[in-house]
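# Secondary and tertiary structure notes
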Amino acid sequence: MPINLEIDGTAVTVENGQTVMEAANKLGLFVPHFCYHKKLSIAANCRMCLVQVEKAPKPLPACATPATEGMKVQTHSKQAIDAQKGVMEFLLINHPLDCPICDQGGECQLQDLAVGYGGSASRYQEEKRSVANKDLGPLISTDMTRCIHCTRCVRFGQEVAGVMELGMAGRGEHSEILSFVGRTVDSEVSGNMIDLCPVGALTSKPFRYTARSWELSRRKSVSAHDSLNSPMVIQTKQDRVMRSLPLEDETLNEGWLSDRDRFAYEGLNADDRLTRPMVKRSTGWAEVEWAEALDVAAKGLKDVAVKHGGDALGCLVAPNLTVEELHLAQALVRGLGCDNIDHRLRQSSFPKTAGAPWLGMPVADLSKLEAVLLVGSTLRKEQPLLATRLRAAAKKGLAVHVLHAADDSLLMPVAGKRIVKPSKLVSEVASFAEALKGKKAAILLGHYAQQHSQFSELLSAVQRLAKETGATVGVLPDGANAVGAHRVGALPRKGLDARGMVAAPRKGYFLAGVEPEVDCPAGTVRALAGAEFVVALTAYRNGLADHAHVMLPIGPFTETGGTFVNMEGRAQTFNAVVKPLGDSKPAWKVLRMLGDELGLDGFQVETIEQLRHAIAPDLAAWARTGLDNAISTEGAAGRSGSGTYERIAEVPLYATDAIVRRSAPLQKTADAAAAGKARMNPATFAALGLADGQSVRLRQGGGEAVLPAAIDAAVPEGCVRVARGIRETVALGEGELTIEKVSVQRVA
């Protein structure tokens, strides 16, 4: 039932249950506030939003006062202004006057409101209180004397992140925001607390003291680290990325940003950035001019194609390259007569789908589901912002079901779950039929499911379940532009997939945006070592330096324009926010020059706009077509684990791509520290006779790794959770896994 009221003499209609603050916002009227936030519950503890309500004996907080029929409100009357100024005076009693050194200076809510509601001098003469700072980890810096106890950070943890990592202890001026028994804040979305803090109590530790807010240029961009492609604002200074902040889009990120998207920029200018073209000569690597590097690369690729045929080449491309770059990459290798190209670098089973695998619905529609089954997905670590969306929906009745090989908490209510060994995932899919029948439901396959050796069988089982229950099948694509890579044809038509190019080594390889030792199938490094010629387009001098013959420096997504297609089929185009570092160039320009050097058709475009038009006149409409998860043929299954132990191999949260792996703050987090361990069930731990922290030697697929062992109750008995995509485990392959404890060396 609509409610009619009047604010500052203007009539407004709101829904029953809405507050005076929401009514004022609807009219575009600003009411000063600190604790209120539209995405958080009402706290009403800052009292800054006091307003005058007709017939009320005293000012009332606009954020917590329900709108009523016929209500008359004054937000700027003398009574309201006096109340607001009084609150401001109290807030400033203990607040330090350190704006010149505060990182929040220039974008501080308290600073802004103090100009309008603060006095020119303080009447408070007593000693101000001082609060000890807290160590919240490598991402959040604290200056708790500045805290005004708005509790936004506390409420965010409880209501959005799903875990109460901060709380308020004490009363009155002795109140403090504390972490639980001195722990760090480890949520994968913790950085949003920095944005929410209205003062300088919580600031970005990596950004601290590096720039002032007014020195920064602001450019719109999108995230390049998962397939949600969150809109964000990248702030730069002197052609260097200084900070990443969320750009609100209710249909995608809901105004939040994951820590991976927020802090990955720290890896953009790592020490091993490649800034000059390099050619390997008999005496070693030599920096050369672009013309020479392109000439050597083109000649080498052409020689392999002429000598052995186009099929002797293989092309591995990263799924976080842009649509434009992937289009040119596939056109280049196909122009050489090669169909061996793939972006599905972490898969070992390749089912053929009717179109590009995608979410199966708009992201916003996830909130409207009645039931969802997550298959092979550690959702919080794979897609952090999808987890926050489903968490909010679960509080409103969404029934979340889980089928996985690890019992990690989703920090949300779970209606049902089955945690089984990796080899049992396929057989357990059908057991969720009753939970999904008769409901608006979806079955979502996560990254672990796609990397599973039985992904083809898993996808088939899921589609049979969907047909039986009427549920929608969705895939959470692994890679920022995995959907775009499918649509543009960066995968084989009749040639070899990524696994096949390694199992049957090629004479020549063309790599773009990949780090073969951590991104590609086991054995890729050996295949490259045996090749006659390897060309790599890369932003970093990595393991490629040992096996490539030409390295061409390309810029990451911040240094190029391009388009990503996200999990719902939405094309988002972005521009470079800084100039390419050194002599590096956008990958699409390098590919264009290389194709032109090879004399191939279709590489004569001059601008990226021409290139986009060559792909499709309407790129947004093109991206929305050709999306289909229906399986047409099953790919060959990879070798499943056998023997006494099964390996649960996942790519850790902060090892997803080259930029993230080089972000020093992210690599200091608890998630990164846990990645380098062999984690197992207490019963398995005891059966092996391990001592706490003792190292184990793992052997799999002809390789081995030595890792410290750790107890993890989330792992099924008889399984070992060993990450992939990290340097400690690159030697491990697939198949049977053996474990032996490393004897403890005793010091005499």
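Thresholds applied
For every chain, the first residue of the written sequence is number 1, and numbering continues from 1 along that sequence. Given that this is a predicted model, residues contribute local features only at a pLDDT of at least 70 and side-chain atom pairs are listed and counted only at 80 or more, while totals for whole chains, interfaces and linings are drawn from all residues. No hydrogens and no water enter the side-chain calculation; it runs on all heavy atoms of the structure. Think of it in three bands: with a 1.4 Å probe and only protein chains considered, a residue is buried below 20% of the maximum accessible area for its type, exposed above 50%, and partly exposed in between. For the purposes of this entry, the term helix denotes a DSSP run of H or I that reaches at least four residues, the term strand denotes a run of E that reaches at least two, and both are numbered from the N terminus. It is the directions from the helix axis to the C-beta atoms that the arc portrays. UniProt positions are given in the numbering used here, feature names are shortened, and annotations may be inferred rather than shown by experiment. DSSP bridges decide pairing: two strands pair if at least two such bridges lie between them. Interaxial angles span 0 to 180 degrees and are taken between N-to-C directions of axes, which are lines fitted to C-alpha atoms, for helices over the stretch in contact. Each Phe, Tyr or Trp ring, with Trp reduced to its six-membered ring, pairs with another whose centre is within 6.5 Å; inter-plane angles below 30 degrees give stacked pairs, above 60 give edge-to-face pairs, and intermediate values give tilted ones. Ring-over charges, as used throughout, are those where CZ of Arg or NZ of Lys falls within 6 Å of the ring centre and within 35 degrees of the ring normal. Note on contacts: a residue pair qualifies if any of its non-hydrogen atoms lie within 4.5 Å across the two residues. Here the nonpolar core consists of buried residues drawn from Ala, Val, Leu, Ile, Met, Phe, Trp, Tyr and Cys, with membership extended through side-chain atoms lying within 4.5 Å. The domain boundaries here were taken from an automatic or database domain assignment. Buried area is understood as the total, over both parts, of accessible area removed when two parts are fitted together, assessed with a 1.4 Å probe. Take a side-chain nitrogen of Lys or Arg and a carboxyl oxygen of Asp or Glu: if they are within 4 Å of each other, that pair is a salt bridge. Under the rule applied, a polar contact is a pair of N or O atoms within 3.5 Å (in protein, one hydrogen donor and one hydrogen acceptor; residues adjacent in sequence only if both atoms are side-chain atoms). Patch membership requires more than 30% relative accessible area and the absence of a salt bridge. Residues of like charge join within 9 Å; the nonpolar side chains Val, Leu, Ile, Met, Phe, Trp and Tyr join within 5 Å. Surface accessibility in these figures is a Shrake-Rupley result with a 1.4 Å probe; residues are shielded only by whichever protein chains are displayed. Neither His nor the chain termini are counted; the positive set is Lys and Arg, and the negative set is Asp and Glu. Just so you know, the charge point we use is NZ for Lys, CZ for Arg, CG for Asp and CD for Glu.

Right, let's get into helix α3 (residues 109–117). Considered for burial, the residues of α3 that qualify are L110, L113 and Y117. The buried residues of α3 occupy one face: seen down the axis, they fall within an arc of 70°. Set apart from the buried face of α3 by more than 90 degrees, the exposed residues are D112 and V115.

Looking now at the UniProt feature "domain: 4Fe-4S Mo/W bis-MGD-type" (unreviewed entry) in the protein chain. UniProt feature "domain: 4Fe-4S Mo/W bis-MGD-type" (unreviewed entry): in the numbering of this structure it lies at residues 216–272. Taken end to end, residues 216–272 has its terminal C-alpha atoms 26 Å apart, with 9% of it in helix and 35% in strand.

This part takes up the sheet that holds strand β34 (residues 737–741). With respect to topology, six strands assemble into an open sheet ordered β29-β33-β30-β32-β31-β34, the strand pairing being mixed. Each edge of the sheet is formed by a strand with only one pairing partner; in this case those strands are β29 (646–648) and β34. Recorded for the sheet is a direction-independent mean angle of 35° between the axes of neighbouring strands. Direction of pairing for strand β31 (residues 695–700) relative to β34: antiparallel, over a ladder of five bridges.

The tally for this structure, following the rule as stated, stands at two aromatic pairs. Ring geometry for F156 and W256: centres 5.0 Å apart, planes at 65°, overall edge-to-face. Here F156, found in helix α4 (residues 152–161), pairs with W256, found in the loop between β12 (240–246) and α6 (259–263); they are 100 residues apart in sequence, far enough to count as distant. The class for W256 is buried, based on a relative accessible area of 7%. If you follow R662 out to its NZ or CZ, it ends over the ring of Y540, 4.0 Å from the centre.

Take helix α20 (residues 608–615) next. When α20 is considered as a whole, its buried residues turn out to be I608, L611, R612 and I615. One side of α20 holds all its buried residues, which, seen down the axis, span an arc of 100°. α20 presents E609, H613 and A614 as exposed residues on the side facing more than 90 degrees away from its buried surface.

Okay, the side chain of E559 next. Structurally, E559 is set in the loop between β25 (550–553) and β26 (562–565). The contact partners of E559, leaving out residues within four places of it in the chain, are N269, R273, A576, V578, K579, P580, L581, S584 and P586.

Attention shifts here to the UniProt feature "domain: 4Fe-4S His(Cys)3-ligated-type" (unreviewed entry) in the protein chain. According to UniProt, the feature "domain: 4Fe-4S His(Cys)3-ligated-type" (unreviewed entry) maps to residues 79–118 in the numbering used here. What you have in residues 79–118 is 60% helix and 0% strand, and the ends, taken at the C-alpha atoms, are 16 Å apart.

Moving on, we come to the pairing of β31. Going residue by residue along β31, you find V696, L698 and Q700 tucked away on one face and S695, R697 and R699 left uncovered on the opposite face. Bridge count between β31 and strand β32 (residues 703–711): six bridges; the pairing is antiparallel. Within β32, the position partnered with R699 by the bridge is E704. Here β31 folds back onto β32 in antiparallel fashion, the turn holding two residues, of which G701 has a positive phi close to 60°.

It is worth spelling out the nonpolar core at this point. If you look at the biggest cluster of nonpolar residues, it comprises 94 residues, and the most contacted ones within it are F34, F156 and V400. Among the elements that make up this core, the one with the highest residue count is helix α10 (residues 384–395) (six residues). Dropping the residues within four chain positions of it, V400 is found in contact with V372, L374, A394, L410, M412, P413, V414, A415 and G416. Formed by 77 residues, the second largest nonpolar core is a distinct cluster that contains M278, V317, A329 and V590.

Our focus in this paragraph is the domain arrangement of the protein chain. Each assigned domain of the protein chain is listed with its residue range as follows: domain 1 (2–93), domain 2 (278–346 + 482–625), domain 3 (359–475) and domain 4 (646–741). Of note, the centres of domain 2 and domain 4, computed from C-alpha atoms alone, are 31 Å apart. Interface area lost by domain 2 to domain 4 is led by R346, V518 and Y540, which between them contribute 46%. The interface formed by domain 2 and domain 4 contains six salt bridges. E734 serves as the salt-bridge partner of R499, at 2.9 Å between the closest nitrogen and oxygen. The interface formed by domain 2 and domain 4 contains seven residue pairs in polar contact (both at pLDDT 80 or more). A per-element tally of the side of domain 2 that touches domain 4 places helix α17 (residues 516–519) first, with three residues.

This brings us to the sheet that holds strand β23 (residues 508–512). Read from one edge of the open sheet, seven strands run β14-β13-β25-β24-β23-β15-β16, paired in mixed fashion. Here the strands that pair on one side only, and so sit at the sheet edges, are β14 (284–287) and β16 (341–342). By the bridge criterion, two bridges tie strand β15 (residues 313–317) to β16 in an arrangement that is parallel. Bridged to C315 within β16 is I341.

The subject of this paragraph is a negative patch on the surface. The grouping of D295, D596, E597 and E606 at the surface amounts to a negative patch. By the secondary structure assignment, E606 is in the loop between α19 (587–597) and α20. The exposed category is assigned to E606, whose relative accessible area is 58%.

Phi at A44 is positive, roughly 55°, even though this residue is not glycine. Structurally, A44 is set in the loop between α1 (20–27) and β3 (50–53). A residue is classified by how much of its surface remains accessible, and A44, at 14% relative accessible area, is buried. One non-glycine residue, Q238, adopts positive backbone phi at about 50°. Counting through the fold element by element, Q238 comes out in the loop between β11 (231–237) and β12.

We now examine the environment of M361. Residue position: M361 is located in the loop between β17 (352–353) and β18 (371–375). Taking the C-alpha atoms as reference, M361 lies 20 Å from T378; in sequence the two are 17 residues apart. The residues contacting M361, other than those within four sequence positions of it, are L366, L369, A442, T472 and E568.

Next up on the list: the pattern of salt bridges. Tallying each qualifying case throughout the model produces 50 salt bridges. Here E287 makes a salt bridge to R276, at a shortest N to O gap of 3.6 Å. Taken together, the residues E287 in strand β14 and R276 in the loop between α6 and β13 (278–281) connect sequence positions 11 residues apart. When its relative accessible area of 21% is taken as the criterion, R276 is described as partly exposed. Between R570 and E568 there is a salt bridge, with its nearest N and O atoms 2.8 Å apart. You can call E568 buried: its relative accessible area is 13%. Connected via shared salt-bridge partners are D272, R346, E515, E517, D519, R661, R662 and R727.

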